[in-house]
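# Working through the structure, step by step
Here is what each chain is made of, one letter per residue.
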Amino acid sequence: MSDSAAFHEVDEAVRKDELKEWWARYGTWVVAAAVAVVVAVAGLVGWRQYDAAQRAEASAAYSAALAKISQDPKAARAEFDQQAKSAPEPYRSLATMIAAQLNEPQEAQVAALLAVAPSLSTPELTDLANVIAGFKSVDSPTAEEVIARLEPLAGPDRPFRLSVRELQALVAMHKGDLKRAREVWTEISKDPAVPQGAIQRVTAMLNLYGGGAEAK
């Protein structure tokens, strides 16, 4: 055997001994880590399936409670209150908004919507709760105050800006300020981003109140 071959065998033996020693020391942890990765992946898949099942169950419960409102508002309110505590999102926030609207009288609904709005899961739902409160307050003494709070929601990047503008026009009309109402309707009619149905609605209002009435 040549010196080179002998050195190679010795080197190979040393490497094997080092590998055995390394495996004896760390092998258990390597296996444990591999098992952990497998369990994590399986757990993620399982969680997604569980999450989907939970959401499907929450959706069914939410729909059932909605259907119960006209028949048994008290029972529906109890179900929405429970969903508002434990349902996955977005059903928790949706249930919170519906429960707020099952208060009596209507002024209590407005107050409840304004109170829960900041706690909802997304900015869009928060805006929606505030806008619903605005519509419910149109005929109330607090209408101007509530609608004034919605002014930031009328910005060009806000999803309910059209609703806020229409609310502003409605409140102006209720006050008898037809000039202001016409100004708002005109602004809406000139907005290229407004849907055609809304354009037709504000055009009809402009035609109805466009002339012959003096602003007070």
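Here the residue numbering is sequential within each chain, running from 1 through the sequence in written order. Given that this is a predicted model, residues contribute local features only at a pLDDT of at least 70 and side-chain atom pairs are listed and counted only at 80 or more, while totals for whole chains, interfaces and linings are drawn from all residues. With hydrogens and water set aside, each side-chain value is computed from the structure's full complement of heavy atoms.

## A short note on the overall build of the protein chain
- If you tally the helices and strands in the protein chain, you get 9 helices and 0 strands.
- Working definition: helices are DSSP H or I runs of at least four residues, strands are E runs of at least two. Numbering for both runs from the N terminus. For the protein chain, the N- to C-terminal ordering of α and β elements is α-α-α-α-α-α-α-α-α.
- Note on contacts: a residue pair qualifies if any of its non-hydrogen atoms lie within 4.5 Å across the two residues. In the protein chain, once contacts between residues fewer than 6 apart in sequence are set aside, the share between residues at least 24 apart is 44%.
- All accessible-area figures derive from a Shrake-Rupley calculation using a 1.4 Å probe, and residue coverage is judged against the displayed protein chains alone. Carbon and sulfur atoms form 59% of the exposed surface of the protein chain, whose accessible area is close to 13,700 Å².

## A word on the nonpolar core
- Core analysis: the biggest nonpolar cluster contains 14 residues, and L162, M173, A181, W185, I188 and V194 have the highest contact counts within it.
- Secondary-structure elements contributing two or more residues to this core are α7 (161-175), α8 (178-189) and α9 (196-209).
- Take this core: its biggest share by element is 5 residues, from α8.
- Residues within four places of I188 in sequence aside, it is in contact with L162, R165, E166, V194, I199 and V202.
- Among buried residues, those of type Ala, Val, Leu, Ile, Met, Phe, Trp, Tyr and Cys that are joined through side-chain atoms within 4.5 Å constitute a nonpolar core. The cut-offs for exposure are 20% and 50% of the maximum accessible area for each residue type, with area from a 1.4 Å probe on protein chains only; residues under the lower value are buried, those over the upper are exposed, and the others partly exposed. The next biggest cluster of nonpolar side chains, apart from the first, holds 13 residues, and it includes M97, V116, A129 and V146.

## Observations concerning the packing of helix α3 (residues 91-100) against helix α5 (residues 123-136)
- Simply put, an axis is a line fit to the C-alpha atoms, just over the touching stretch for a helix, and the angle between two N-to-C directions goes from 0 to 180 degrees. Between α3 and α5, the shortest axis-to-axis distance is 11 Å and the interhelical angle comes to 10°. Between α3 and α5, the angle falls in the class roughly parallel. Together, S93, L94 and M97 of α3 and L125, L128 and A129 of α5 make up the contact between the two elements.
- Polar here means any residue outside two lists: the nonpolar Ala, Val, Leu, Ile, Met, Phe, Trp, Tyr, Cys and Pro, and the charged Asp, Glu, Lys and Arg; Gly therefore counts as polar. Split into classes, the residues belonging to the contact of α3 with α5 amount to 5 nonpolar, 1 polar and no charged. Roughly parallel here means an angle under 35 degrees, roughly antiparallel means over 145, roughly perpendicular means 65 to 115, and every remaining angle is called oblique.

## Considering helix α4 (residues 106-116)
- Those residues of α4 that sit buried are Q109, V110, A112, L113, L114 and V116.
- Residues of α4 that are buried sit in contact with α3, α5 and α6 (143-149).

## Notes on α8
- Each helix should span, by expectation, one fewer than its residue count multiplied by 1.5 Å. When the terminal C-alpha atoms of α8 are compared, their 16 Å separation across 12 residues agrees well with the 16 Å that a helix rising 1.5 Å per residue should span.
- Every buried residue of α8 is listed here: L178, A181, R182, V184, W185 and I188. Buried residues of α8, seen end-on, are gathered within an arc of 160° and therefore sit on one face of the element.
- Looking at the buried side of α8, the elements it contacts are α7 and α9. The arc refers to the directions leading from the helix axis to the C-beta atoms.

Everything listed here is a matter of geometry and, on its own, says nothing about what the molecule does.
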